[in-house]
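Coordinate inspection notes
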Amino acid sequence: MSLVDRLVATSLPLVPKPIVRKVASPYIAGEKLDDLLRVSAQFNRDGYMVAAAVLGEFVSKPEEAEEAVEEYRELLDALKAHGVDAYIHVKPTHLGLLLDQDLCVTNLKHILDTAARNGQFVRMDMEDSPCTDGTLAVFHRLHEQYDNLGVVVQSRLRRTLDDVKELARVKANVRVCKGIYLEPYTISYTDPEIIRRNFTAIVDTLAGAGAYVAIATHDERLVWDSEQIIRRLNLSHDQYEFQMLLGVLPGLRTLIRASGHRLRVAVPFGPSWYAYSLRRLRKNPAIAGYVLKSFLKG
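Cut-offs applied
- Residues numbered from 1 in each chain as written.
- Predicted model: local features only at pLDDT ≥ 70, side-chain atom pairs only at ≥ 80, totals over all residues.
- Heavy atoms only, no water.
- Buried < 20%, exposed > 50% of the residue type's maximum accessible area, 1.4 Å probe, protein only.
- Helix = DSSP H or I, 4+ residues; strand = E, 2+ residues; numbered from the N terminus.
- Pairing = 2+ DSSP bridges.
- Right-handed = clockwise from strand over helix to strand, strands pointing away.
- Patch = residues over 30% accessible without salt bridge, like charges linked within 9 Å, V, L, I, M, F, W, Y side chains within 5 Å.
- Areas by Shrake-Rupley, 256 points an atom, 1.4 Å probe, with all protein chains shown as cover.
- Salt bridge = Lys/Arg side-chain N within 4 Å of Asp/Glu carboxyl O.
- Lys, Arg positive; Asp, Glu negative; His and termini not counted.
- Charge placed at Lys NZ, Arg CZ, Asp CG, Glu CD.
- Phe/Tyr/Trp six-rings, centres within 6.5 Å; stacked < 30°, edge-to-face > 60°.
- Contact = heavy atoms within 4.5 Å.
- Arc of directions from axis to C-beta.
- Axes fitted to C-alpha atoms, helices over the stretch in contact; angles between N-to-C directions.
- Expected span 1.5 Å × (residues − 1).
- Polar contact = N/O pair within 3.5 Å; in protein donor to acceptor, adjacent residues only side chain to side chain.

Focus: the pairing of strand S2 (residues 86-90)
Each regular strand displays side chains that alternate between the two surfaces of the sheet. Among the five residues in S2, five count as buried, and that is most of the element. Of the two faces of S2, the one carrying Ala-86, Ile-88 and Val-90 and the one carrying Tyr-87 and His-89 are both buried. As defined by bridge partners, strand S1 (residues 49-54) adjoins S2 across three bridges and the pair is classed as parallel. Pairing of Ala-51 across the sheet is with Tyr-87, part of S2. With helix H4 (residues 62-81) bridging S1 and its parallel neighbour S2, the resulting β-α-β unit is right-handed. Two elements, S2 and strand S3 (residues 122-124), share three bridges in a ladder whose sense is parallel. Looking at S3, one finds that Val-90 is bridged to Met-124.

Below is the structure:
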């Protein structure tokens, strides 16, 4: 991160909350469950699937993780009751991963049991590199017991192709993304082209092994690369999907869907939107710079 970017990142807490809300609002459904249900139902009507999430991460107390479990279970039941075509994705640190791995496993089991009862799917998000080993360990501990559990890998990390070999072997349901976290050079690629090539190699490895692949990208080049893999392997629509974030490149989203691919939109919600937004803005200096300029212009 450059000196200017660091300045922007450290200045973000000074930006008034209303300005952050205005910039973040296209990317978050709202603060309440009803907001999530409304936005998700509209995406379903427009022909899209949904990945719903409660905003939150890095809890510091077991009780906070238990509260998150109840929020996720309430979300699952609400999605079922309203007939929304969606699964949920959870951050392991929201369930206590950094407090105790066994605690995270127990909490995730409660969520998975509710999802299984409702015929729903749950995906574990992948957070920054200190969480990678723990996240994969939790996934492999529960994968054989729960067939409604998936995980995420990041093409930015140098280790990911090795991790993918084991995920491919067990035919895991895997979401592939570039990853947004700024990591040390020793563990993370920094060249955008290498990150792209690694992304394509990961998708190819998983799809070639018969694993279900969720292709999460807003990079049209990677959409094109993935379409070539889909054609070459003659994948059916129940073997893959594309994924995009709420509010990001809706034009590309429409084109992917019009090409006949299934596409899932990630729709987060929750009262923790402000802390979430600040963290995400710090990871994207271009957007963070826009927020700061808006503040300085009054």
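Re a negative patch on the surface
Taken together, the side chains of Glu-63, Glu-64, Glu-66, Glu-67, Glu-71 and Glu-74 present a region of like negative charge at the surface. Note that Glu-71 resides in helix H4.

With respect to the packing of aromatic side chains
What describes a pair of aromatic rings is the distance from one ring centre to the other and the angle between the planes of the rings. Under the criterion given, the structure shown has three aromatic pairs. When the ring of Phe-43 is compared with that of Tyr-48, the centres are 6.0 Å apart and the planes differ by 85 degrees; the resulting orientation is edge-to-face. Seen in terms of ring centroids, Tyr-240 and Phe-242 are 6.2 Å apart; in terms of plane orientation they differ by 90 degrees. Their pairing is edge-to-face. Overall, the relative accessible area of 2% leaves Tyr-240 in the buried class.

Here we look at the environment of Gly-30
Turning to its location among the elements, Gly-30 is positioned in the loop between helix H2 (17-24) and helix H3 (33-45). Once the C-alpha coordinates of Gly-30 and Pro-271 are considered, the two residues, 241 residues apart in sequence, prove to be 7.9 Å apart. Excluding residues that lie within four positions of it along the chain, Gly-30 makes contacts with Asp-35, Pro-268, Phe-269 and Gly-270.

Focus: the environment of Met-126
As for its placement among the helices and strands, Met-126 is situated in the loop between S3 and helix H6 (132-143). Here the alpha-carbon distance between Met-126 and Gln-154, two residues 28 residues apart in the chain, equals 7.6 Å. Once you skip the residues sitting within four places of it in the chain, Met-126 turns out to touch Thr-132, Thr-135, Leu-136, Val-152, Gln-154 and Tyr-181.

Some remarks on helix H7 (residues 160-169)
Restricting attention to buried positions, one finds in H7 the residues Thr-160, Asp-163, Val-164, Leu-167 and Ala-168. Summarising the axial view, the buried residues of H7 lie within an arc of 140 degrees, below the 170-degree limit, and thus occupy one face. Across from the buried face of H7, at angles greater than 90 degrees, the exposed residues are Asp-162, Lys-165 and Arg-169. Where H7 is buried, its residues contact H6, strand S4 (149-154), strand S5 (173-177) and helix H8 (192-208).

Things to note about the sheet that holds S2
Neighbouring strands of a sheet are bound in pairs by backbone hydrogen bonds; such pairs are parallel or else antiparallel. Read once around its circumference, the closed barrel built from eight strands follows the order S1-S2-S3-S4-S5-S6-S7-S8, with strand pairing classed as parallel. Each strand of the sheet is rotated relative to its neighbour by a mean of 30 degrees, with strand direction disregarded.

Considerations on helix H9 (residues 220-232)
With 13 residues, H9 should reach 18 Å at 1.5 Å per residue; the first-to-last C-alpha distance of 18 Å fits that figure. Where the residues of H9 are buried, they touch H8, strand S6 (212-216), strand S7 (240-245) and helix H10 (250-258). The distance from a side-chain oxygen at the start of H9 to the backbone nitrogen of Arg-221 is 2.9 Å, and the residue carrying that oxygen is Asp-219. Of the residues trailing H9, Asn-234 is marked for its positive phi of about 55 degrees.

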